[in-house]
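One-letter residues, chain by chain:
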Amino acid sequence: STRMIEDPRFPGTYFSYINLTGGNDIKFVNGQNWPPFPGAIDWGQDPGAPAGTITDVNENNIPVAATGVYRITFDLTNKKFYLQTAVSNGIGGMGMIGNFQGWSQPATKMSYIGVNKFILFADMNTNDEFKFHDGNDWNNSANNLNRWFAVDNTMGGQMVIDPGSGYDNFKWTGSNGRTRAIWNGSNTTSLQYILNPATEMRVVGDGMTGVPVWNPGLSPQMTYAGNGIWTITLPLEANKEIKFLAGNDWGAFDYEDNSGQSQATGVPRAIKWEGGDNFKTPATAGTYTITLNESLQTLTIN
């Protein structure tokens with residue numbers, strides 16, 4: 001099961017951002033096991049109550065009407081659940097609102113890249129401030145309304161669910177230009193975010209013909225095509241390794257392989273930034289076009 005994020009403002013409330021497939025069902029569980037495992041409880045739609053009411057007695061599965069990215073909220077205190085999408089009412093997914101877009105509602109929606117993970121590329125100026133925001137207005141007075149996030153600088157810059165005062169906005173302190181912002185709630189007990197420059201992306205490794213091996217400063221730069229997509233055409237050596245670095249020296253944000261060391265061409269391979277193996281070049285040497293799509297978290301070599 002997918003662990004949900006606890007909302008400290010509303011006791012008994014948990015939420016998660018996740019892509020659901022229409023025509024399927026979901027339930028809520030209090031762990032990794034089904035009853036009759038000792039202590040295991042699962043909740044679903046109460047068949048004798050209005051839609052959105054949970055029970056753990058003779059419950060029905062909860063149907064998903066349409067495919068999309070949902071904010072799912074589970075309210076054990078009031079025996080309620082909410083499946084909300086940005087398409088239906090503006091709430092759902094994740095967005096950003098701040099100086100870079102004039103603090104204007106609705107928030108600019110981010111691209112969904114995995115459970116509780118989103119990315120956005122925005123042009124920012126030095127000291128621009130913003131919030132992560134999952135709705136279209138500032139009303140966060142109930143657990144089925146808008147949520148936004150801020151920084152608790154008394155706890156070393158920890159990202160927190162913002163009740164409105166006592167916390168700071170996020171601030172971009174780098175140079176003017178395109179910025180990569182990632183909202184990462186995959187660790188549901190310690191929400192994380194990433195802010196770094198997105199002005200360049202380089203192919204680094206020992207798999208390129210005529211390029212110094214593993215030398216970021218002398219490695220070729222990709223061309224930005226918009227919406228988190230980078231491309232380059234270059235000759236590749238067979239059965240070697242490459243990776244992608246968002247700067248001209250080690251320590252910059254980078255991407256590694258998340259496909260299980262696939263060498264397939266013409267097929268998107270999964271990527272990740274958390275560390276791992278380098279990407280394998282194709283089994284046959286030749287000139288290839290590489291497309292790195294950060295918004296979809298894929299690499300394609302053609």
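Treat the numbers as computed from the prediction; the structure is a model and nothing was measured.

A. Here's a closer look at the packing of aromatic side chains. As enumerated under the stated definition, the model contains 20 aromatic pairs in all. Summarising the aromatic geometry, the rings of Tyr17 and Phe118 are spaced 5.8 Å apart at their centres and angled 85° between planes, so their arrangement reads as edge-to-face. Highlighted residues: Tyr17 in strand 2 (residues 13–20) and Phe118 in strand 13 (residues 117–124), separated in sequence by 101 residues. Given a relative accessible area of 0%, Tyr17 falls into the buried group.

B. Highlighting the sheet that holds strand 13. Taking strand neighbours across the sheet as the criterion, the 4 strands line up as 12-13-18-19 in an open arrangement whose pairing is antiparallel. The open sheet has two edge strands, strand 12 (111–114) and strand 19 (192–197), and neither has a second partner. Mean inter-strand twist for the sheet, computed between neighbouring axes without regard to direction, equals 25°. Pairing of strand 13 with strand 18 (residues 177–184) involves 8 bridges; the strand directions are antiparallel. Opposite Met124, over in strand 18, you have Gly177 as the bridge partner.

C. Examining unusual backbone geometry more closely. Across the junction of Pro35 and Pro36, the peptide omega takes the value 15°, indicating a cis bond. Within the element layout of this structure, Pro36 appears in the loop between strand 4 (28–29) and strand 5 (42–45). With an omega of 5°, the peptide bond between Gln105 and Pro106 qualifies as cis. Within the secondary structure layout, Pro106 lies in the loop between strand 10 (95–98) and strand 11 (108–109). One non-glycine residue, Trp214, adopts positive backbone phi at about 50°. Mapping Trp214 onto the fold places it in the loop between strand 20 (202–205) and strand 21 (223–226).

What counts, and where the lines are drawn
- Residues numbered from 1 in each chain as written.
- Predicted model: local features only at pLDDT ≥ 70, side-chain atom pairs only at ≥ 80, totals over all residues.
- Heavy atoms only, no water.
- Phe/Tyr/Trp six-rings, centres within 6.5 Å; stacked < 30°, edge-to-face > 60°.
- Helix = DSSP H or I, 4+ residues; strand = E, 2+ residues; numbered from the N terminus.
- Buried < 20%, exposed > 50% of the residue type's maximum accessible area, 1.4 Å probe, protein only.
- Pairing = 2+ DSSP bridges.
- Axes fitted to C-alpha atoms, helices over the stretch in contact; angles between N-to-C directions.

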